[in-house]
Every structure is written in C-alpha cells, then in structure tokens.
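Read off the chains here:
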Amino acid sequence: MTHKHIIDLDDLTLNELDKITSLADEIYKNPEKYNEACKGKILATLFYEPSTRTQMSFQTAMLKLGGQTIGFDNPMNSSVAKGESLKDTIKIVSGYANIIAMRHPMEGSAKAASFYSSVPVINGGDGGHLHPTQTLTDVVTLHHELGRLDNLCIGVCGDLKNGRTVHSLIKTLSHFKGNRFVLIATKELTIPDYIKKIMDKNGCSYTEVLTLAEAIPQLDVLYMTRIQKERFASEEEYLAQQGVFVLDKEKLKSAKKDLKILHPLPRVDEITIDVDDDPRAIYFKQAVYGVYARMALILLLLDDNSEPAKPSFEGAEECKNPRCISAQEKYLPKCYKTAGNDKICEYCDAKV
Ligand code: CP
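Keep in mind that what you see is a predicted model, and the values were worked out from it rather than measured.

Cut-off values and rules
Residues numbered from 1 in each chain as written. Predicted model: local features only at pLDDT ≥ 70, side-chain atom pairs only at ≥ 80, totals over all residues. Heavy atoms only, no water. Buried < 20%, exposed > 50% of the residue type's maximum accessible area, 1.4 Å probe, protein only. Helix = DSSP H or I, 4+ residues; strand = E, 2+ residues; numbered from the N terminus. Contact = heavy atoms within 4.5 Å. Domains from an automatic or database assignment. Near = heavy atom within 4 Å. Polar contact = N/O pair within 3.5 Å; in protein donor to acceptor, adjacent residues only side chain to side chain. Areas by Shrake-Rupley, 256 points an atom, 1.4 Å probe, with all protein chains shown as cover. Nonpolar A, V, L, I, M, F, W, Y, C, P; charged D, E, K, R; others polar. Pairing = 2+ DSSP bridges. Axes fitted to C-alpha atoms, helices over the stretch in contact; angles between N-to-C directions. Parallel < 35°, antiparallel > 145°, perpendicular 65-115°, else oblique. Left-handed = near helix turned anticlockwise from the far one by under 90°. Right-handed = clockwise from strand over helix to strand, strands pointing away.

## A look at helix α4 (residues 109-116)
Move 1: Burial analysis of α4 places 7 of its 8 residues in the buried class, which makes it a mostly covered element.
Move 2: Burial in α4 covers these residues: Ser109, Ala110, Lys111, Ala112, Ala113, Ser114 and Tyr116.
Move 3: In this structure, the buried residues of α4 make contact with α3 (86-93), β3 (99-104), β4 (121-126) and α12 (325-328).

Quick look at the structure:
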C-alpha cells in the first residue's frame with residue numbers, strides 16, 4: 001500500500017488544502033452523511049506528550065466517522081517504558097491500525113516515524129517544530145468565519161520561537177495572496193530564521209514589534225499563543241518571559257470591530273477571561289472546527305494512494321540540534337535537504 005503522510009502542512013498542495021477545507025465545511029453542515037465513512041477502520045493515537053484537544057479531537061473525528069481508536073496518552077503505560085524504540089513502536093502499531101496520529105517531544109519525530117510506518121502518519125506536534133493539524137484547524141476556522149484566507153493582516157503574538165502552531169500557520173498562510181504578518185514577540189522569543197526565509201521566498205511581508213498595543217489596530221486576525229514553559233532551559237528564563245503579552249478588554253478597545261481572535265489553546269494567562277465573552281474571541285469555536293478539519297483529513301488520507309516523498313539526501317554529518325529526534329534515536333539515517341546554500345536537517349529543519 002502506498003500512502004501520504006502529513007508531517008508538515010506543506011505535504012498538502014494548495015488544491016488539497018482547499019479540498020480539505022471544503023470537505024470540513026460539508027461535514028460540518030451534514031455530519032450524518034459521514035457517520036459510516038470509516039466503518040471498519042482503526043486510528044491509533046500515540047501521544048508521548050500531554051494533549052487535550054489534538055488527541056481527543058482525533059479520537060472524536062474517527063468515532064464520528066464510524067471508525068474505532070486505539071493508542072496511548074502516556075508512553076510510560078506502553079513498552080516505551082521498557083526502552084522500545086520509536087521505530088519498533090511504529091512498525092508494530094502500523095500493523096494494528098489503518099492510520100496513526102502522534103505527538104512526541106522531539107523535533108522531527110513524526111518524520112522519523114513515517115520512514116517505518118506502513119500506514120499514513122499524521123504529525124500531532126513534534127517538539128517545538130510543527131503542528132500541521134492545528135494549522136488545518138486554524139485554516140478551516142478562518143475560512144468558515146471570514147470566507148477567505150487571503151488579503152489578511154495577521155498578528156501572531158507570544159512565544160514565536162517555540163510555538164510550533166505559529167510556525168505551521170505562517171508557512172501555510174504565507175502562500176496566500178496579499179497576506180502580511182505582524183510578529184509580536186520579545187527578542188528572546190522571536191521567530192526562527194527559517195520561517196522568515198519562507199515568508200521572503202513566498203513574497204509575504206512582515207514586521208516585528210515588541211508590544212501588542214502598537215500592533216492591534218491594524219489586525220484582521222490576532223493569533224495569541226502561550227509562552228511554552230516546557231521548552232525553556234531553566235525556570236528563570238521562563239519567568240523572564242511570563243506575562244509579557246496579555247490580551248485584555250482594554251487593549252481590545254483599539255481593535256477592529258470584526259477582528260478574529262484565535263488561540264490554539266491551552267491558555268495560561270495571555271488572554272484574560274473577560275475577553276471570552278467578546279464576539280471577536282473565537283478560540284473555543286476554533287477547537288470545535290478542529291474535529292471537522294481532522295475528519296476531512298482522515299478521509300482524504302485513507303482515500304489516498306499516492307507515493308510519499310522519500311528523503312532527498314543521506315549525508316554523513318550529524319544534526320547538531322539537541323532537540324532533534326536523530327539525537328535520541330541513533331539508528332536513524334542522517335538525512336539532509338538543501339535550501340539555497342544551506343543544508344537543512346530533514347527531520348527538524350535545523351541548519352547543519
Ligand atoms: N492546541 C493543542 O495542540 O492543544 P492540546 O495540546 O491540548 O492538544
């Protein structure tokens with residue numbers, strides 16, 4: 001069986017993205033038409049890291065499609081606790097399930113898993129790297145709420161360094177005509193260079209600002225994110241960033257009347273709870289759209305028989321990123337791709 005994996009949203013063409021968005025809309029309007037679409041199929045959810053929305057929305061999606069689910073949400077309750085490698089776990093589970101959704105703390109882990117899986121692998125978040133199905137959720141939300149994905153001024157605020165949802169979102173929305181980004185972050189939490197290069201390559205303009213107040217009046221969309229405590233090297237470094245960006249009712253006074261406020265959630269303290277009742281705040285609705293986005297994705301992948309892309313180049317050097325899956329699972333082939341003059345790790349996208 002040949003199949004496609006979703007490691008990065010770039011694994012989908014813009015046509016396929018459009019197809020998923022339209023299908024998600026169709027399922028949202030007529031859910032009963034799809035309640036046996038995956039009868040007899042099994043989804044495995046392998047969550048090596050905590051999750052509420054991603055894991056449960058995948059499970060809900062498969063159940064609503066008439067399929068079933070297996071998996072773990074704590075690897076310590078699986079043979080991972082006995083030292084089983086990612087490769088062996090994936091080889092086993094792909095013999096049990098028709099499709100796998102996974103989350104793992106190491107960057108590039110879903111890519112590595114895809115090398116050993118006989119069924120489609122969906123990346124549900126790999127460390128601070130990517131989170132494509134959150135982006136799919138965001139795209140479905142914006143499409144449903146605004147009716148378009150282009151000509152938008154999009155503010156992204158918070159931990160732009162470690163926030164994988166932001167990386168995936170910018171990569172995707174930078175493909176659409178007329179979009180521009182306002183990057184709101186401290187200098188310690190600024191967006192990685194490789195994301196800036198993608199915006200440059202796609203001809204998408206961006207500005208970097210240090211405060212939410214100066215950004216807010218021009219925005220059509222404000223995408224708030226949590227400071228990712230678990231990705232900091234020390235408590236001290238986290239505390240220096242905690243509470244720097246807080247969206248409250250006062251700041252919203254200068255915002256457009258039809259602003260859309262998104263947040264991948266969970267929220268900590270970056271949006272005060274009095275904002276929840278503002279009609280511009282759509283982050284709880286966004287989590288519901290996530291079920292329909294994942295239903296559409298599962299249907300597309302189980303119906304797909306295209307050949308997944310093979311790693312383009314096997315090199316001799318090791319990736320130096322300590323958060324790369326290749327630093328943990330030493331049997332993995334060393335794979336690089338080239339971007340201009342740079343060599344990029346195939347797993348984690350770090351420059352090598
Ligand atoms: N948005 C998101 O990824 O939420 P969870 O961590 O709860 O899955």
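## Observations concerning the domain arrangement of the chain
Move 1: Domain assignment breaks the chain into domain 1 (9-131 + 289-302), domain 2 (150-284) and domain 3 (313-352).
Move 2: One C-alpha centre belongs to domain 2, the other to domain 3, and the line joining them spans 28 Å.

## A few points about the site of the ligand
Move 1: The ligand sits among Ser51, Thr52, Arg53, Thr54, Arg103, His131, Gln134, Pro264 and Leu265.
Move 2: Here a nitrogen atom of the ligand and a side-chain polar atom of glutamine 134 are 3.0 Å apart.
Move 3: When isolated, the ligand has an accessible area of 250 Å², and the protein chains bury 91% of it.
Move 4: The residue makeup of the shell around the ligand, split by class, is 2 nonpolar, 5 polar and 2 charged.

## Focus on the side chain of serine 326
Move 1: Note that serine 326 resides in helix α12.
Move 2: Given a relative accessible area of 18%, serine 326 falls into the buried group.
Move 3: Residues in contact with serine 326, not counting those within four places in the same chain, are Cys319, Leu332 and Tyr347.

## Here's the deal with the sheet that holds strand β5 (residues 153-157)
Move 1: If you walk across this open sheet you meet the 5 strands as β7-β6-β5-β8-β9, and the pairing is parallel. Two strands lie at the open edges of the sheet, namely β7 (205-209) and β9 (260-262), each paired on one side alone. Going from strand to strand, the sheet's axes swing by 20 degrees on average, the running direction of each strand aside.
Move 2: Strand direction decides the pairing type here: strand β6 (residues 180-184) and β7, joined by 5 bridges, are parallel. Paired with phenylalanine 181 across the bridge in β7 is tyrosine 206.
Move 3: Sheet strands touched by helix α6 (residues 164-173): β5, β6 and β8 (221-224). Its angle to β5, the strand with the most contacts, is close to 165 degrees.

## What about the sheet that holds β4?
The strands that make up a sheet are held in pairs by hydrogen bonds between backbone atoms, and each pair lies either parallel or antiparallel.
Move 1: Overall, parallel pairing links the 4 strands, which are arranged β2-β1-β3-β4 in an open sheet. Each edge of the open sheet is held by one strand with a lone partner, namely β2 (68-72) and β4. With direction set aside, neighbouring strand axes in the sheet form an average angle of 15 degrees.
Move 2: Note that β3 and β4 share 4 bridges and pair parallel. If you follow methionine 102 over to β4, its bridge partner there is asparagine 123.

## As for the packing of helix α5 (residues 132-146) against helix α11 (residues 283-302)
Move 1: Relative to each other, α5 and α11 sit at 110 degrees, their axes nearing to 8 Å. Here α5 is positioned roughly perpendicular relative to α11, judged by the angle of their axes. Read as a crossing pair, α5 and α11 show a hand that is right-handed. Between α5, through Thr133, Gln134, Leu136, Thr137, Asp138, Val140, Thr141, His144 and Glu145, and α11, the contact on the second element is made entirely by Lys285, Gln286, Tyr289, Gly290, Ala293, Arg294 and Leu297.
Move 2: Of the residues assigned to the contact of α5 with α11, the class counts are 5 nonpolar, 7 polar and 4 charged.

## With respect to the pairing of β4
Each regular strand displays side chains that alternate between the two surfaces of the sheet.
Move 1: Here β4 lies mainly inside the structure; 6 of its 6 residues are buried.
Move 2: Remark: the β3/α4/β4 crossover connection has right-handed handedness.

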